[in-house]
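Residues per chain, in single letters:
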Amino acid sequence: MFTRAIVRPPSSTFADGLTSSALGRPVVALALAQHEAYCRALEECGLSLVRLPADEGYPDSTFVEDTAVLTPALAILTRPGAPSRQGEVEAIASEIVRHFPATAEIAEPGTLDGGDICEAGSHFFIGISERTNEEGARQLGFLLSREGFTVSMVDIREVRSLLHLKSGIAWLGGRRLAVIRELASHAAFHGWEVVIVPDGEEYAANCVAINGRLLISSGFPHFESLLKDLGLRVLALDMTEFRKMDGGLSCLSLRF
Ligand code: GLY
């Protein structure tokens, strides 16, 4: 069970953040409204929120998930792969560490974004991407193994459409994963029940299981019905403005 989440709203500089999308500039006022709806959904899932102030110094800082990987007994501070985002960790670290008995950090030359890390119960999938390098993945794998978790690596550097591993996969609970077709046959997912995200709805792969609910992005009807047919209790949220900045549902919170 998750009980808490750390969130930070988009700031007035949000539209100056990193993006590879061609969907246009986000409307900050709409992003703020979508963020508030996201916060209310987390509360509906039973989480109490730590709401940090917007940080204009870091346009991508609303994507708090990239700054840490959290386990019950250990918070691991990351070292984001984009130089413009590395200061985000220092800006949030004091808030993260006070909730955990122990902390560790990814050290140079390792780089790692939280968006590349998919927790699936006692197992973690670690993405190697343009943001998370092999050394960062190795350091995280070592730390998680020491905590008793199993890990597997998923190299997505050839999958040009993905920024992060979790842009293409999500844990749905138990042994079930949502995975985009391009990654579905990866050896790391053998032995898992893979639900393939319908073609054309790949953005929706980034969904978040919280306390028996599943947050999904609205506007992806085939994926939504697939999940409902599996008996999952979905809660759909508008994410249009975050998508313009390559962000997804999981990126907007650190859950623990
Ligand atoms: N805009 C999110 C990222 O590129 O990290």
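Residues numbered from 1 in each chain as written. Predicted model: local features only at pLDDT ≥ 70, side-chain atom pairs only at ≥ 80, totals over all residues. Heavy atoms only, no water.

Participant: So what's going on with the overall build of the chain? Residues and values would help.
Facilitator: From N to C terminus, the chain includes 5 helices and 15 strands. Here the C-alpha radius of gyration of the chain, 17 Å, is about what a compact globule of 256 residues would show, namely 18 Å. Projected onto its principal axes, the C-alpha coordinates of the chain cover approximately 45 × 40 × 35 Å. In the chain, which comprises 256 residues, the proportion classed as buried is 56%. (Helix = DSSP H or I, 4+ residues; strand = E, 2+ residues; numbered from the N terminus. Rg over C-alpha atoms; globule rule 2.2 N^0.38 Å. Buried < 20%, exposed > 50% of the residue type's maximum accessible area, 1.4 Å probe, protein only.)

Participant: Provide a residue-level description of the pairing of strand β9 (residues 169-173), including the pertinent values.
Facilitator: Pairing between β9 and strand β10 (residues 176-180): 4 bridges, direction antiparallel. Paired with G173 across the two strands is R176, which belongs to β10. (Pairing = 2+ DSSP bridges.)

Participant: Tell me about the nonpolar core, and please be specific about residues and values.
Facilitator: One finds L42, F125, L183, F189 and L215 to be the most contacted residues of the largest nonpolar core, which totals 56 residues. Ranked by residue count, the leading element in this core is helix α1 (residues 28-44), at 5 residues. (Core = buried A, V, L, I, M, F, W, Y, C linked by side-chain atoms within 4.5 Å.)

Participant: Give a description of unusual backbone geometry that names residues and reports values.
Facilitator: Cis peptide bonds are those with omega within 30 degrees of zero, and the linkage from E108 to P109 qualifies with 5 degrees. Along the chain, the position of P109 falls in the loop between β5 (102-105) and β6 (117-120). Notably, N211 is not glycine yet its phi reads approximately 50 degrees, a positive angle. Tracing the backbone shows N211 in the loop between β12 (208-210) and β13 (213-217). Among the residues examined, N211 registers a relative accessible area of 22% and is labelled partly exposed.

Participant: I'd love a proper account of the side chain of K166, names of residues and values included.
Facilitator: Along the polypeptide, K166 turns up in the loop between β8 (150-155) and β9. Judged by its relative accessible area of 12%, K166 is buried. For K166, the side chain forms a polar contact with the side chain of E65, separated by 2.6 Å. Polar contacts involving the side chain of K166 include one to the main-chain carbonyl oxygen of I117, which spans 2.8 Å. In this structure K166 touches E65, G114, G115, I117, C118, N206, S250 and R255, once residues within four positions along its chain are discounted. (Polar contact = N/O pair within 3.5 Å; in protein donor to acceptor, adjacent residues only side chain to side chain. Contact = heavy atoms within 4.5 Å.)

Participant: How would you sum up the site of the ligand? Please name residues and give values.
Facilitator: Every residue near the ligand is listed here: L18, D60, F63, R85, R131, L163 and M245. Note that a nitrogen atom of the ligand is positioned 2.7 Å from one of the backbone N or O atoms of L18. Contact distances for the ligand include 2.8 Å between a nitrogen atom and a backbone N or O atom of M245. Contact with the protein chains hides 98% of the accessible area of the ligand, taken as 200 Å² for the molecule alone. One can see that the ligand is located within the second largest cavity. (Near = heavy atom within 4 Å. Areas by Shrake-Rupley, 256 points an atom, 1.4 Å probe, with all protein chains shown as cover. 1 Å grid on protein atoms, 1.4 Å probe; cavity = no way out; pocket = protein on both sides within 12 Å on 5 of 7 lines; lining within 4 Å. Sits in = over half its atoms within 2 Å of the grid points.)

Participant: For the layout of surface pockets, give the residues involved together with the corresponding values.
Facilitator: There is about 680 Å³ of room inside the largest pocket. Surrounding the largest pocket, 32 residues form its lining, S161, L162, L163, S167 and D246 being those nearest its centre. Its residues assigned to classes, the lining of the largest pocket comprises 9 nonpolar, 12 polar and 11 charged. One number sums up the size of the second largest pocket: a volume of about 340 Å³. M1, F2, E119, W171 and A209 are the residues nearest the centre of the second largest pocket, which is lined by 19 residues in total. Elements with a contribution of two residues or more to the lining of the second largest pocket: β9, β12 and β13. Looking at the lining of the second largest pocket element by element, the count peaks at 3 residues for β9. Its residues placed into classes, the lining of the second largest pocket shows 11 nonpolar, 4 polar and 4 charged. (Points joined across faces, edges and corners; volume = space filled by probe spheres on them. Nonpolar A, V, L, I, M, F, W, Y, C, P; charged D, E, K, R; others polar.)

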